[in-house]
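Here are the chains, one letter per residue:
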Amino acid sequence: MARPVLASAGMGGGANGMEFSLNGDVLAVAGADGGRLWDRTADSPKPLPGTADIINKLAFSYDGGLLATAGTDGDARLWNMASRSFITRLPDPITKVVFSPKDLVLVAISPDGTTRLWDVHDPAHPTPLSPLPTGTAHRTQLGPTGSSVDVQAVFDHAGNTLAIAHDGTIQLWKVADSSHPEALGQPLTVGHSNITTMVFSQDDHDRVLITASSDGTVGRWQADTGQLIRTSQLTKLRPEGGFYPMAFSSNGHRLAVRGDEGTTTLWNVDSQQLIATLTGHNEPVSVAAFSGNNFLATASEDNTVRLWDLDEDAVTKKLCHIIGTVVSHEQWDSYLPLDTYRSTCP
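My aim in this report is to walk through the structure given alongside it, one point at a time. (Residues numbered from 1 in each chain as written. Predicted model: local features only at pLDDT ≥ 70, side-chain atom pairs only at ≥ 80, totals over all residues. Heavy atoms only, no water.)

## A few points about the overall build of the protein
Going by this rule: Think of it this way: any DSSP run of H or I at least four residues long counts as a helix, any run of E at least two long counts as a strand, and we number them from the N terminus. Only protein chains enter the area calculation, which uses a 1.4 Å probe; residues under 20% of their type maximum are buried, those over 50% are exposed, and those in between are partly exposed. Using a 1.4 Å probe, accessible areas were evaluated by the Shrake-Rupley method; residue-level cover was limited to the displayed protein chains.
Along the backbone of the protein there are two helices and 29 strands. Within the protein, the proportion of its 346 residues that are buried is 51%. Accessible area of the protein: about 15000 Å², with a carbon and sulfur share of 48%.

In structure tokens form, the structure reads like this:
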């Protein structure tokens, strides 16, 4: 069961991370050959000038004016998106970056898990703010081989709360005043499995944090108190190649999971029902990113990126435009597996 792909393009190397600009107009891809930018109106991604080394993660500022990149070697940079030009480097070794959705404040995570906030209102002269205090969940030791630790970070949609997760724990931070972040309670214990993606639900006025772990657990947490609302065990969704949640939609209702044989499975988190299986990649999918709730990008080890339209009404119109007025059961099931079959287009 596949959805119509909006576009597909080749990459010079595999992808390590992806992110859409807030308005969804630009997709930034971090990869083995540097960074690439894909304008939605363009046929293919364009290289980000001056990036040839491996980029690990990247992030757009809320206004789309800045792009932050972090390499596997700890080299972090800021870019002007209007001119697509390099601005400056951040001095600390940094392997992951996340922008606030309301202000020009950047979360920078070092290889050992240390987290610091940066004021980048003057991007040519970033100002380090107070690092998050030590002794909590965000501060971790290096892995057994000295490699960087896997830390996830996400803001709520108002930019007032920051969640940082590592090794089965989550620490919530009050960051309305980014110069004086405050820990909200004690670290939350999730389990022994790493959290691979998380999001603050828009539908719950940013009060609910939704997490997905590699053991198939989806958790819902009250953001202001840290109280566990409920968990769902999604191990029944585990494909043959393993369970790896890659990205939530903005409202937290959809979850993109790495499937086997180059597929991505899309699930309704509330009902635990399969929405669609996205096919077309020839190798395993490495990363995925949502723009809002209805657009998804997937990148594969086959060095391609695909954009998917997940809006039922838009897909129906596209299908009918391509096929005509009469649609067979097979065609309908291929493109709209969960929608009620209609033999003729509206």
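Still more ground to cover, so stick around.
## Notes on the sheet that holds strand E20 (residues 208–213)
The following threshold applies: Two strands are counted as paired when DSSP detects at least two bridges linking them. Structural elements are reduced to axes, namely lines fitted to C-alpha atoms, with helices fitted over the stretch in contact, and the angle between N-to-C directions of any two is expressed from 0 to 180 degrees.
Reading across from one edge, E19-E20-E21-E22 is the order of the four strands in this open sheet, with antiparallel pairing throughout. The open sheet terminates on both sides in strands that have one partner only, identified here as strand E19 (195–200) and strand E22 (228–233). Going across the sheet, the axis of each strand differs from the next one's by a mean of 15°, ignoring polarity. For strand E21 (residues 217–222) and E22, the ladder comprises five bridges, and the chain directions are antiparallel. If you follow Arg-220 over to E22, its bridge partner there is Arg-230.

## Comments concerning the pattern of salt bridges
Here is the rule: Any carboxyl oxygen of Asp or Glu within 4 Å of a side-chain nitrogen of Lys or Arg constitutes a salt bridge here.
According to the stated counting rule, one finds six salt bridges in the structure shown. With a closest N to O distance of 3.2 Å, Arg-84 and Asp-39 form a salt bridge. Residue Arg-84 is found in the loop between strand E8 (76–80) and strand E9 (85–90), and its partner Asp-39 is found in strand E4 (residues 34–39); the two are separated by 45 residues along the sequence. We classify Asp-39 as partly exposed; its relative accessible area is 24%.

## Let's talk about the environment of Leu-129
This is how it is decided: Between two residues, a contact is recorded if the distance between any of their heavy atoms is within 4.5 Å.
Along the polypeptide, Leu-129 turns up in strand E13 (residues 127–131). Placed 52 residues apart in sequence, Leu-129 and Pro-181 show a C-alpha to C-alpha distance of 9.5 Å. Contact partners of Leu-129, with chain neighbours within four places excluded, come to Arg-116, Leu-117, Trp-118, Asp-119, Ser-178 and Ser-179.

## Re the pairing of strand E6 (residues 55–60)
Within E6, five of the six residues are buried, leaving the element largely enclosed by the surrounding structure. Pairing of E6 with strand E7 (residues 66–71), which is carried by five bridges, proceeds in the antiparallel orientation. Considered in E7, the bridge of Leu-58 is made with Thr-69. Turn length for the E6-E7 hairpin, with the two strands adjacent in sequence and antiparallel, is five residues, and the turn residue Gly-64 shows positive phi of about 75°.

## Overview of the sheet that holds strand E3 (residues 26–31)
Strands sit in the order E2-E3-E4-E5 across an open sheet of four strands; the sheet is antiparallel. Since the sheet does not close on itself, it has two edges, and those belong to strand E2 (15–20) and strand E5 (46–47), each with one partner. Where E2 lies against E3, five bridges are found, and the strand directions are antiparallel. Bridging from a neighbouring strand, Glu-19 pairs with Ala-28 of E3.

## Points about the side chain of Arg-77
Mapped onto the elements of the fold, Arg-77 is located in strand E8. You can call Arg-77 buried: its relative accessible area is 15%. Excluding its chain neighbours within four sequence positions, the residues that come into contact with Arg-77 are Gly-50, Leu-67, Ala-68, Thr-69, Phe-86, Thr-88 and Arg-89.

## Topic: the nonpolar core
Going by this rule: Put simply, a nonpolar core is a bunch of buried Ala, Val, Leu, Ile, Met, Phe, Trp, Tyr and Cys residues held in one set by side-chain atoms that sit within 4.5 Å of each other.
Counting residues in each nonpolar core, the largest one holds 15 residues, and the members touching the most others are Ile-94, Val-97, Phe-99, Leu-106 and Val-120. Breaking this core down by element, the ones donating at least two residues are E7, E8, strand E10 (96–99) and strand E11 (105–109). The element contributing the most residues to this core is E7, with three residues. When sequence neighbours within four positions are dropped, the list of residues in contact with Phe-99 reads Ala-59, Phe-60, Ser-61, Leu-66, Ala-68, Leu-78, Val-105, Leu-106, Val-120 and Phe-155. If you look at the next biggest cluster of nonpolar residues, it comprises 14 residues, including Val-107, Leu-132, Ile-164 and Trp-173.

## Description of the side chain of Asp-302
Counted only if it meets this: In this tally, Asp and Glu contribute negative charge and Lys and Arg positive charge; neither His nor the terminal groups of the chain are included. Here a polar contact means two N or O atoms within 3.5 Å. Within protein one must be a hydrogen donor candidate and the other an acceptor candidate, and residues neighboring in sequence count only if both atoms are side-chain atoms.
With respect to the helices and strands, Asp-302 occurs in the loop between strand E28 (295–300) and strand E29 (304–309). One buried charged residue, Asp-302, forms no salt bridge at all, with the nearest opposite charge on Arg-306 at 6.1 Å. A polar atom in the side chain of Asp-302 sits 2.6 Å from the side chain of Thr-304. With residues up to four places along the chain from it excluded, the contact list for Asp-302 reads His-281, Asn-282 and Glu-283.

## A few points about unusual backbone geometry
Its identity is not glycine, yet Arg-84 carries a phi of approximately 55°, on the positive side. Positive phi, normally seen in glycine, also occurs at Asn-303, with a value near 65°. Relative to the assigned elements, Asn-303 resides in the loop between E28 and E29. In this structure Asn-303 comes out as partly exposed when scored by relative accessible area, which is 27%.

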